[in-house]
Amino acid sequence: MPSRPSDIASLLKGDRYNPDNISKLESYLVSQVQQADASAPVSAYDVDANRTLIKLYQFFPLQTKVDYVVLVEALALVYGDDANEGSRDFGALGCLIKESVKKEEPFPTLLRCTDLLDSCQFVDFWASFHSIEENSFVVALSKSQHGQNALRRSILNTLSLTFKSTKLSFVLEQLDLGKDDTMIRNSAIVEKIDGDSVIFCDNIENVKSNKVNQDGGI
Amino acid sequence: MTVDDNLPGPLKDFIFDLHDSVRTSQIPSEQLVLYTASFRNLTSKYFEKRPWPSPEAVSQECGGDRVFLAIYRELAQRHYHNISRPSARDRVQGWKVYVELFELLLAEAQGGDNPDDDSHFFLLPEWSFDILHEFLYQFQGFCQFRTGVFYNASKYAPGGTSAGKTPPAHIGENLEILKQNIDAWAVEKVMEYLDRFIKIGNSPNAPSAYQYLAIFASVTLSRLECLLGDYTSSLSALSPIRADFIIAPPRGSDPDVTEMSAEEVVDSVFAAKISMTYHAGVSYLMLRRYKDASKVLGDICATMGRGFKSGSYKKITGIEQFTKLYDRMIALLAIITHACPSYGLVDESVANTVREKHGNQLSKIEAGEEGYEDLFIFACPKFINPSVPPYEDALTVGSSVGHDAAYKLQVNHFMNEMSNQQTMMKLRSYMKLYTSISMEKLGRLVMEEDFESLLLSYKLKSRQIENTDEGEVYGTVMDIHYFIKDGIIHVDEAEKQNRFENYFLSQISQSADIMRDVEALSVEV
């Protein structure tokens, strides 16, 4: 995946909150969802640059483009390493976005998607996410192989935090994979598929701990 | 400000000495006496209810030094804002004072790094912090003021609560002043000044005066980002305040004064430390980093609790401001320690204070009678809307949002974060009863919809980033550990350690308090 372009890097290091930066950051945002090929967008996800754009909209509200605000939030949700990070970044960005912007679709549906990810209701999440029609960028993101796989990796990570083992049918359903278990089989965090069970690799969360501290933590 | 040609003798001496300490001798201990005690004494003697003389009036005492006069003007203006209720014009004038001062100070920085060069200056860390702290305080006040003016004016627009009535004269006047000075206190300019101080003070060979300004500009930027709701940037603004950013003692220091790190410089100005810690605590809380929040807030509250108890804080000027922040931090800790019931998250003394001040409210929250909202509203900062309102629409189109929209946005985010807290606490209390239990059986006991998702979600939300010696890592705020294998939930609970020493320590401390009270009694026989 390409690293941050040099003009964006110097913009972020220099006069960051100059309103003249808005159009450059908007183009950069769109390049994070435009597909270079099936496996990758043109630019890597860049939360720092996207947050700067949201801040510029906060400072200069007349220049706000709601479609881009929605896209920034959708990207945060999709590219979190796990469901927690996705919804946490979504929430943190949401603190910079006025309530009036959040009233029009697809924002309410996106908010519902975040709540569903946060409460690990993944089947309902997929249904909600795929129901978004109003923003062409988000629709493209929700249909892209790259975006869907990023979400699946995030959800699989989340499952591995609680489950040492669970039913394959359950995992397939949570990942919206139908009957195709290739992604699960090839995942680095899955030890093996044994009959109708998925066994996750050991991690600090899904095995017996040696000692649990009084102040929380293992 | 009044032009006073007949300056009292002590005032003339003060200006002369202060100028000397800023420009020539640069002796920190002398400047401290002048900046704190002398200034306070002269204020209470001559200027308790009126402004200090204008820079023009005192110019002769300092050889017309432009930079010093700009520094003096800021000091005098700070006093004026303290004793008066600033009007729209006063607020705009405030902005001009800071622009003049900052442009002069930043221009001086370009003048070479020769320490003997008289174009440099020295300001104590306290003074550097006070300038930047007040700068942001006036910015915050201005944002609230202009939002308030716009909102009040919009009541007279069609559809507003006072539509059809003539607005009072002051509303029109204020709108006009704001329109004519639309660039005053522009948020991007405020950030730009802080950024320039940070860059200059962090550059190689920067004189200590600029290093102090850079350090406190970072603290101020962190506070600004928090007030804007950008908690991620608020925390990253503190990254220049590191142990390896070393500041050499100023050239006028006593021989035994050693170099300090940026962290130690902040620690040496208590107002800076408490402000920095409070805003960092709020940012950690809003970013779901409850352990980091409780660590920074708990440490400073423990220190302050001891200070209040020993009476050593009574002599500090401005202690009321510290007390307010202390109360807010205790309220934040009440929320965190209730949401994450783990023993040892905070010091026992702090936990006691939380129980004393908020025990009642927490019991109601426990019983489900109310939520954390009231505590959060009491504890949170005064968030601001940084954008310029569309003044031309105020009386014609009006406003669809309330004047407190910025603050409500943050409260809503917080309440959303806490929305599942009760359900998770219920799950935890059931899980603590078992070492292993089938999912089916626990599901029947807990009786919540989508029980499987709840198990996943509780684990997930408790997994949070924390600062450790190895950097930022994922930890957990749960005091239990569970995982699921083949349909069975396995639960490990925290080992209960018998903490006898805490009992003895608290009894010894109470006994010492009683003895102190007894000795203070005077008994005549």
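Scope of this entry: the structure provided in the associated data block. (Residues numbered from 1 in each chain as written. Chains lettered and ligands numbered in written order. Predicted model: local features only at pLDDT ≥ 70, side-chain atom pairs only at ≥ 80, totals over all residues. Heavy atoms only, no water.)

Time to look at the sheet that holds strand β5 (residues 197-200) of chain A. Residues and elements named next belong to chain A. The strand order across the open sheet built from three strands is β3-β5-β4, with neighbouring strands paired in antiparallel fashion. A strand with exactly one partner marks an edge of an open sheet, and here the two such strands are β3 (165-167) and β4 (190-194). Averaged over all neighbouring strand pairs, the angle between strand axes comes to 20 degrees, with direction disregarded. As paired elements, β3 and β5 share three bridges and run antiparallel to each other. Note that in β5 the partner of S165 across the bridge is I199. (Pairing = 2+ DSSP bridges. Helix = DSSP H or I, 4+ residues; strand = E, 2+ residues; numbered from the N terminus. Axes fitted to C-alpha atoms, helices over the stretch in contact; angles between N-to-C directions.)

Attention shifts here to the sheet that holds strand β3 (residues 436-438) of chain B. Residues and elements named next belong to chain B. On the basis of which strands lie adjacent, the open sheet formed by three strands has the order β3-β7-β6 and antiparallel pairing. Each edge of the open sheet is held by one strand with a lone partner, namely β3 and β6 (480-485). Each strand axis lies, on average, 20 degrees off the axis of its neighbour in the sheet, ignoring direction. Taken together, the six bridges between β6 and strand β7 (residues 488-493) define a ladder with antiparallel strand orientation. Directly across from I484, in β7, lies its bridge partner I489. Those strands touched by helix α19 (residues 439-446) are β3, β6 and β7, and its axis lies near 85 degrees from that of β3. (Contact = heavy atoms within 4.5 Å.)

Take a negative patch on the surface next. The grouping of D124 of chain A together with E449, D450 and E452 of chain B at the surface amounts to a negative patch. Among the structural elements, E452 of chain B can be located in helix α20 (residues 451-462). Relative accessible area serves as the criterion here: at 31%, E452 of chain B is assigned to the partly exposed category. (Patch = residues over 30% accessible without salt bridge, like charges linked within 9 Å, V, L, I, M, F, W, Y side chains within 5 Å. Areas by Shrake-Rupley, 256 points an atom, 1.4 Å probe, with all protein chains shown as cover. Salt bridge = Lys/Arg side-chain N within 4 Å of Asp/Glu carboxyl O. Lys, Arg positive; Asp, Glu negative; His and termini not counted. Charge placed at Lys NZ, Arg CZ, Asp CG, Glu CD. Buried < 20%, exposed > 50% of the residue type's maximum accessible area, 1.4 Å probe, protein only.)

Bringing the interface of chain A and chain B into the picture now. With 52 residues of chain A at the interface, the matching set in chain B holds 56 residues. Carbon and sulfur atoms make up 54% of the surface buried where chain A meets chain B, a total of about 4,600 Å² over both sides. Taken together, the links from chain A to chain B amount to seven salt bridges. The shortest N-O distance in the salt bridge between K461 of chain B and D118 of chain A comes to 3.4 Å. Where chain A touches chain B, the interface holds 23 residue pairs in polar contact (both at pLDDT 80 or more). Looking at the side of chain A that touches chain B, the elements with two or more residues in it are α3 (47-59), α5 (83-94), α6 (107-118) and α9 (145-162) of chain A. Tallying contributions element by element places α5 of chain A first for the side of chain A that touches chain B, with eight residues. Looking at side-chain class alone, the side of chain A that touches chain B contains 20 nonpolar, 17 polar and 15 charged residues. (Buried area = accessible area lost by both parts, 1.4 Å probe. Polar contact = N/O pair within 3.5 Å; in protein donor to acceptor, adjacent residues only side chain to side chain. Nonpolar A, V, L, I, M, F, W, Y, C, P; charged D, E, K, R; others polar.)

Residue and element names in this part refer to chain B. Throughout the structure, instances matching the rule amount to 34 aromatic pairs over all chains. For the ring pair Y35 and W127, a centre distance of 4.6 Å and an interplane angle of 20 degrees mean the geometry is stacked. Taken together, the residues span a long stretch of sequence, with Y35 in helix α2 (residues 28-46) and W127 in helix α6 (residues 125-154) at a distance of 92 residues. Exposure class is identical for Y35 and W127. Each is buried. Consider the rings of Y98 and F135, whose centres lie 5.2 Å apart with planes at 55 degrees: the pair is tilted. With Y98 in helix α5 (residues 88-109) and F135 in helix α6, the pair connects residues that are 37 residues apart, well separated along the chain. Both residues of the pair, Y98 and F135, count as buried. Members of the aromatic cluster, each reached through a chain of ring pairs, are W95, Y98, F102, F135, F139, F142, W185, Y193 and F197. A cation over a ring is seen here: K189 above Y193, with NZ or CZ 5.5 Å from the ring centre. Stacked on the ring of Y482, the Lys or Arg K459 has its end atom at 5.6 Å from the ring centre. (Phe/Tyr/Trp six-rings, centres within 6.5 Å; stacked < 30°, edge-to-face > 60°. Lys NZ or Arg CZ within 6 Å of the ring centre and 35° of its normal.)

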